[in-house]
Amino acid sequence: MTSNTGKMPMAQAAPIGIFDSGIGGLSVLRHIHQNLSHENLLYFADSAYAPYGDRSEPEISARSLAVTQFLLQRGIKALVVACNTATAAAIQAIREAYPNLPVIGIEPGLKPAAAQSHSKIVGVLATKATLLSARLLTLEQQISAASGVRFALQACVGLVDQIEKGELRSAQTAQLLRRHIAPLMGQGADTLVLGCTHYPFVRPLIEDIASSLSTNPIAIIDTGDAASRQLTRVLRDNALLQSPQQQGNVTAFTTGSQTALKTAFNSLLQLQPAIQQVASMAHTTAIS
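Residues numbered from 1 in each chain as written. Predicted model: local features only at pLDDT ≥ 70, side-chain atom pairs only at ≥ 80, totals over all residues. Heavy atoms only, no water.

Draft legend 1. A look at the sheet that holds strand 7 (residues 191–194). The four strands lie next to each other as 6-5-7-8, forming an open sheet whose pairing is parallel. Each end of this open sheet is capped by a strand with a single partner; those strands are strand 6 (150–155) and strand 8 (219–221). With direction set aside, neighbouring strand axes in the sheet form an average angle of 25°. Here six bridges tie strand 5 (residues 121–126) to strand 6, and the two strands are oriented parallel to one another. Each residue of the ladder has a partner; that of Gly123, found in strand 6, is Ala152. Docked against the sheet, helix 9 (residues 203–212) engages strand 5, strand 7 and strand 8, running at close to 155° with respect to strand 7. (Pairing = 2+ DSSP bridges. Helix = DSSP H or I, 4+ residues; strand = E, 2+ residues; numbered from the N terminus. Axes fitted to C-alpha atoms, helices over the stretch in contact; angles between N-to-C directions. Contact = heavy atoms within 4.5 Å.)

Following this line, the structure appears as structure tokens:
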């Protein structure tokens, strides 16, 4: 793998790049926009290739590197991989290719979940690719050995598709979630980790279903805000924070439908950014 040979943008006014396979990363952008409203944000939804969770690790890595290259060409000063699957499969490759670029990843909150759980059983809702990743399995084994907590892993096949379609409260989404959550409640889980950035958008439905299947209170762990705080620390440590007196803006790109992403921004975040459609791309080709 080649390293980036161009000069990395280190200007405080440069934008922050954020990407996901689709709209899920908006749950992370929401926290970043709230906490760093003075920063300029570039959001990339690789919706033509969603969901990443159904793809192989080499495919996910190639897409992630292509999106990173695209955002670097637009002068980003830092990158947030707002996708658990892409973090697990590709963040190491991104850091190796662009060693001077601050990169923040999203990982399932196993550690805070272990600290929260009273039953010592934690359910992890994630994509199949995330749950099969060496990164996640190593983290699970380390935390389990240190805390005595058992992690029950549940691949939520089909859930990202439902969220991408905007079906956040539909009967079909509820039925799908019940099928995924019921086995975890049956094992005694009292804490659920949202291991995909899409899942916070159906958190109310997850809470309702989990509560209906358990007599005990159920804790929900979402790491979007933690990622935002980590981004703030990294920017501060590298003297890259833009002045709070500035007014930041959001610009978005998608390989899918501009209309769908516009609707998602408006309905989920009440934002109306400029959105540009991007043609298919590869990591080895220049992108205009």
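Read on, since the account is not over.
Draft legend 2. How the structure looks around the sheet that holds strand 3 (residues 78–81). In spatial order, the strands read 4-3-1-2-9-10; together these six strands make up an open sheet with parallel pairing. For this open sheet the edge positions go to strand 4 (103–105) and strand 10 (274–277), each flanked by a neighbour on one side alone. On average, adjacent strands in this sheet sit at an angle of 20° to one another, irrespective of strand direction. Pairing of strand 1 (residues 16–20) with strand 3 involves four bridges; the strand directions are parallel. Pairing of Ile18 across the sheet is with Val80, part of strand 3. The strands touched by helix 3 (residues 84–97) are strand 1, strand 3 and strand 4; relative to strand 4, the strand with the most contacts, the crossing angle is about 165°.

Draft legend 3. Representation of helix 10 (residues 224–237). With 14 residues, helix 10 should reach 20 Å at 1.5 Å per residue; the first-to-last C-alpha distance of 20 Å fits that figure. Along helix 10, the positions that sit buried rather than exposed are Gly224, Ala227, Ser228, Leu231, Thr232, Val234 and Leu235. Summarising the axial view, the buried residues of helix 10 lie within an arc of 165°, below the 170-degree limit, and thus occupy one face. Ala239 lies just past helix 10 and shows a positive phi near 55°. (Expected span 1.5 Å × (residues − 1). Buried < 20%, exposed > 50% of the residue type's maximum accessible area, 1.4 Å probe, protein only. Arc of directions from axis to C-beta.)

Draft legend 4. Local environment of the confidence of the model for the protein chain. Of the residues in the protein chain, 94% reach a pLDDT of 70 or more, and the chain-wide mean stands at 93. Scored below 50 in pLDDT, residues 1–7 makes ten contacts in the model with residues more than four places away or belonging to other chains. Scored below 50 in pLDDT, residues 284–288 makes eleven contacts in the model with residues more than four places away or belonging to other chains. (pLDDT = per-residue confidence, 0-100.)

Draft legend 5. Quick look at the side chain of His180. Looking at the element boundaries, His180 is found in helix 8 (residues 171–186). When its relative accessible area of 7% is taken as the criterion, His180 is described as buried. Ignoring sequence-local partners within four residues, the contact set of His180 consists of Leu125, Gln154, Ala155, Cys156 and Val157.

Draft legend 6. Local environment of the pattern of salt bridges. Counted by the stated rule, this structure contains seven salt bridges. The partner of Arg169 in a salt bridge is Asp208, with the nearest N and O atoms 3.1 Å apart. Note that Arg169 is positioned in the loop between helix 7 (159–164) and helix 8 and Asp208 in helix 9, a separation of 39 residues in sequence. Judged by relative accessible area, which is 53%, Arg169 ranks as exposed. Judged by its relative accessible area of 43%, Asp208 falls in the partly exposed class. (Salt bridge = Lys/Arg side-chain N within 4 Å of Asp/Glu carboxyl O.)

Draft legend 7. Spatial organisation of the packing of aromatic side chains. This model, assessed by the stated rule, comprises three aromatic pairs. Ring geometry for Tyr43 versus Phe265: centroids 5.9 Å apart, planes at 90°, classification edge-to-face. Of this pair, Tyr43 sits in strand 2 (residues 41–45) while Phe265 sits in helix 11 (residues 258–269), and the two are 222 residues apart along the sequence. Of the residues examined, Phe265 reaches a relative accessible area of 0% and is grouped as buried. With a centroid separation of 5.0 Å and an interplanar angle of 75°, the aromatic rings of Phe70 and Phe253 are classed as edge-to-face. Taken as a pair, Phe70 in helix 2 (residues 57–72) and Phe253 in strand 9 (residues 250–254) lie far apart in primary sequence, 183 residues in all. Neither Phe70 nor Phe253 differs from the other in exposure class; each is buried. Three or more aromatic residues link up through ring pairs in this structure, and these residues are Phe44, Phe70 and Phe253. The side chain of Arg63 reaches across the aromatic face of Tyr49, ending 3.7 Å from its centre. (Phe/Tyr/Trp six-rings, centres within 6.5 Å; stacked < 30°, edge-to-face > 60°. Lys NZ or Arg CZ within 6 Å of the ring centre and 35° of its normal.)

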